[in-house]
Amino acid sequence: MATIKDIAQAAGVSSATVSRVLNHDQSMSVSDETRKKIFAVAEQLQYKK
């Protein structure tokens, strides 16, 4: 089972960024490219909340 840390490593971002993006935190400024990459990696690693 994939963890937020696994996604962060694969996407090249911090685990805090992954957590906030996956929880749809709109107060965080993240590029669309980074957001898409995080969701793609999460799907590829079959991440489940």
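See the structure above.
As the structure is a prediction and not an experimental result, all values here were calculated from the model. Starting from 1, residues in each chain are numbered consecutively following that chain's sequence as written. Selection of residues for local features in this predicted model requires a pLDDT of at least 70, selection of side-chain atom pairs for listing and counting requires 80 or more, and totals for whole chains, interfaces and linings are taken over all residues. Hydrogens are left out, water is left out, and the side-chain values use all remaining heavy atoms of the structure.

Student: Help me out: how do you make sense of the overall build of the protein in this one?
Tutor: Each helix is a run of DSSP H or I of at least 4 residues and each strand a run of E of at least 2, with the numbering of both proceeding from the N terminus. Scanning the protein for helices and strands turns up 3 helices and 0 strands. Secondary structure elements in the protein, listed N-terminal to C-terminal, are α-α-α. Any residue under 20% of the maximum accessible area for its type is buried, any over 50% is exposed, and the rest in between are partly exposed; the area is computed with a 1.4 Å probe on protein chains only. Looking at the protein as a whole, 29% of its 49 residues qualify as buried. Should any heavy atoms of two residues lie within 4.5 Å, those residues are considered in contact. Taking all contacts inside the protein whose residues are at least 6 apart in sequence as the whole, residues at least 24 apart take part in 45%.

Student: For this particular structure, what's the right way to read the nonpolar core?
Tutor: For soluble globular proteins, the rule of thumb is that nonpolar side chains tend to be buried together. Membership of the largest hydrophobic core is limited to 11 residues, which are Ile7, Ala8, Ala11, Val18, Val21, Leu22, Met28, Val30, Ile38, Val41 and Ala42. At the level of secondary structure, the elements contributing two or more residues to this core comprise helix 1 (4-11), helix 2 (15-22) and helix 3 (32-44). The contacts of valine 18, once residues within four sequence positions are left out, are Ile4, Ile7, Ala8, Val13 and Ile38. Definition used in this section: a nonpolar core is a set of buried Ala, Val, Leu, Ile, Met, Phe, Trp, Tyr and Cys residues joined via side-chain atoms within 4.5 Å.

Student: I keep staring at the packing of helix 1 against helix 2 and nothing clicks. Help me out?
Tutor: For any two helices packed against each other, one specifies the inter-axial angle together with the distance between the axes. Note on definitions: angles span 0 to 180 degrees between N-to-C directions of axes, and those axes are lines fitted to C-alpha atoms, for helices only across the stretch in contact. For the pair helix 1 and helix 2, the least separation of the axes is 8 Å and the interaxial angle reads 110 degrees. The angle between helix 1 and helix 2 places the two elements in the roughly perpendicular class. Contact with helix 1, carried on its side by Ile4, Ile7 and Ala8, involves Ser15, Val18, Ser19 and Leu22 of helix 2 and no other residues of that element. Gly is placed with the polar residues, together with every amino acid not listed as nonpolar (Ala, Val, Leu, Ile, Met, Phe, Trp, Tyr, Cys and Pro) or charged (Asp, Glu, Lys and Arg). A per-class count over the contact of helix 1 with helix 2 returns 5 nonpolar, 2 polar and no charged. Here the angle decides the label: under 35 degrees means roughly parallel, over 145 means roughly antiparallel, 65 to 115 means roughly perpendicular, and every other value means oblique.

Student: Explain the packing of helix 2 against helix 3 here, please?
Tutor: Packing of helix 2 against helix 3 brings their axes to within 10 Å, and their N-to-C directions diverge by 90 degrees. Comparing the axis directions of helix 2 and helix 3 gives the class roughly perpendicular. Contacts between helix 2 and helix 3 involve Thr17, Val18, Val21 and Leu22 from the first element and Arg35, Ile38, Phe39 and Ala42 from the second. Looking at the contact of helix 2 with helix 3 residue by residue, the class counts come to 6 nonpolar, 1 polar and 1 charged.

Student: In this structure, what is going on with the side chain of arginine 35? I would like to understand it.
Tutor: For arginine 35, the position within the fold is in helix 3. A positive count includes Lys and Arg, and a negative count includes Asp and Glu. His and the chain ends are not counted in either. The working definition used for a salt bridge is a side-chain nitrogen of Lys or Arg within 4 Å of a carboxyl oxygen of Asp or Glu. There is no salt bridge for the buried arginine 35, and the closest opposite charge comes from aspartate 32, which lies 4.5 Å off by N-O distance. Ignoring any residue separated from it by four or fewer positions in sequence, one finds arginine 35 in contact with Val21, Met28 and Val30.

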